[in-house]
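Letter by letter, the chains look like this.
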Amino acid sequence: MIKVLFVCHGNICRSVMAEYMFRDKIRKLGLEDRFCADSAATSREEIGNEMYPPAKSMLTKKGIPFGHHRARQIVREDYDRYDILVGMDDENMYFMRRMLGEDTEGKFRKMLQYIGLEREVADPWYTGDFTQTYEDLDQSLDAMIRIEAEAFS
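Scope of this entry: the structure provided in the associated data block. Since the model is a prediction, treat every value here as computed from it, not as a measurement. (Residues numbered from 1 in each chain as written. Predicted model: local features only at pLDDT ≥ 70, side-chain atom pairs only at ≥ 80, totals over all residues. Heavy atoms only, no water.)

In total, this model carries zero disulfides according to the counting rule given. Here Cys 8 is not disulfide-linked; the sulfur of Cys 13 is the nearest cysteine sulfur, at 6.8 Å. Cys 8 sits in the buried class, given a relative accessible area of 3%. (Disulfide = S-S within 2.5 Å. Buried < 20%, exposed > 50% of the residue type's maximum accessible area, 1.4 Å probe, protein only.)

Next up, the structure:
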């Protein structure tokens, strides 16, 4: 089983959207026995808070089921617990290294690199554009599943 952790600043928008979108995609592809996913934050600001309501609305609009979520912060043990740790932006990547240590096993990924882009996943907390965030995640998650399923075969 390939264990994936999606990481963003607060774990109430991008990373949790990615988690539930990923789960929905792997379920539809019949790959639930190959992958599992979770999400976490680099900051402590939102610990214990639910998914941001506009993020829930976007998932609902797209027909993606989600469960009860409470934001949590990454911990050092996450590096050993997960096979792939995916940051949404450069700041996330920086803090993942600071909090988890150097990526000695090559587990860190930046989300949009899966589709050949160096830019960051649009942060809807600041932009208010949940559609762009959804589109960024939708494209890169499809590529991620294809690439990682092949790499771990």
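With that out of the way, let us pick up the packing of aromatic side chains. Evaluated as defined, the whole model comprises seven aromatic pairs. Ring plane angle 55° and centroid distance 4.9 Å describe the contact between Tyr 52 and Trp 125, whose orientation is recorded as tilted. Of this pair, Tyr 52 sits in the loop between strand S2 (35–41) and helix H2 (53–61) while Trp 125 sits in helix H5 (residues 124–127), and the two are 73 residues apart along the sequence. For Tyr 52, a relative accessible area of 28% puts it in the partly exposed group. Between the aromatic rings of Tyr 79 and Phe 108, the centroid separation amounts to 5.7 Å while the plane-to-plane angle is 90°, which identifies the pairing as edge-to-face. Of this pair, Tyr 79 sits in helix H3 (residues 77–81) while Phe 108 sits in strand S4 (residues 108–110); the two residues are 29 residues apart in sequence, bridging distant segments of the chain. According to the relative accessible area criterion, Phe 108 is buried, its value standing at 11%. The ring of Tyr 79 carries Lys 107 above its face, with NZ or CZ at 4.6 Å from the centroid. (Phe/Tyr/Trp six-rings, centres within 6.5 Å; stacked < 30°, edge-to-face > 60°. Helix = DSSP H or I, 4+ residues; strand = E, 2+ residues; numbered from the N terminus. Lys NZ or Arg CZ within 6 Å of the ring centre and 35° of its normal.)

Time to look at helix H4 (residues 90–100). Those residues of H4 lying buried are Asn 92, Met 93, Met 96 and Leu 100. Buried residues of H4, seen end-on, are gathered within an arc of 100° and therefore sit on one face of the element. Next to the buried residues of H4 lie strand S1 (2–8), helix H1 (14–28), H3, strand S3 (84–87) and S4. Capping the start of H4 is the job of one residue whose side-chain oxygen sits 3.1 Å from the backbone nitrogen of Glu 91: Asp 89. Positioned one or two residues after H4, Gly 101 has a phi angle of 95°, which is positive. (Arc of directions from axis to C-beta. Contact = heavy atoms within 4.5 Å. Polar contact = N/O pair within 3.5 Å; in protein donor to acceptor, adjacent residues only side chain to side chain.)

Position of Ser 140 relative to the elements: it lies in helix H6 (residues 130–151). In contact with Ser 140, other than residues within four places in its own chain, are Met 111, Leu 112, Tyr 114 and Ile 115.

What follows covers the layout of surface pockets. A probe as big as a water molecule, rolled over the atoms, marks out the empty space that is left. Looking at the largest pocket, its volume works out to about 150 Å³. Cys 8, His 9, Gly 10, Asn 11, Ile 12, Cys 13, Arg 14, Glu 45, Glu 46, Asp 123, Trp 125 and Tyr 126 are the residues that line the largest pocket. Of the residues belonging to the lining of the largest pocket, the class tally is five nonpolar, three polar and four charged. (1 Å grid on protein atoms, 1.4 Å probe; cavity = no way out; pocket = protein on both sides within 12 Å on 5 of 7 lines; lining within 4 Å. Points joined across faces, edges and corners; volume = space filled by probe spheres on them. Nonpolar A, V, L, I, M, F, W, Y, C, P; charged D, E, K, R; others polar.)

Further remarks concern the nonpolar core. In terms of nonpolar packing, the biggest core is built from 37 residues, with Phe 6, Phe 22, Met 111 and Met 144 touching the most fellow members. Every element with two or more residues in this core is listed here: S1, H1, S2, H2, S3 and H6. Each residue touching Met 111, except ones within four places of it in the same chain, is listed here: Phe 6, Val 86, Gly 87, Met 88, Val 121, Leu 137, Ser 140, Leu 141 and Met 144. Listed in part, the 11 residues of the second largest apolar core include Val 7, Ile 74, Tyr 79 and Leu 85. (Core = buried A, V, L, I, M, F, W, Y, C linked by side-chain atoms within 4.5 Å.)

Between H1 and H2, the shortest axis-to-axis distance is 10 Å and the interhelical angle comes to 20°. In terms of orientation, H1 and H2 fall into the roughly parallel class. Viewed along their axes, H1 and H2 form a crossing whose handedness is right-handed. Side by side, H1 and H2 meet where Met 17, Tyr 20 and Met 21 of the first sit next to Ala 55, Met 58 and Leu 59 of the second. Here the residues of the contact of H1 with H2 sort into six nonpolar, no polar and no charged. (Axes fitted to C-alpha atoms, helices over the stretch in contact; angles between N-to-C directions. Parallel < 35°, antiparallel > 145°, perpendicular 65-115°, else oblique. Left-handed = near helix turned anticlockwise from the far one by under 90°.)

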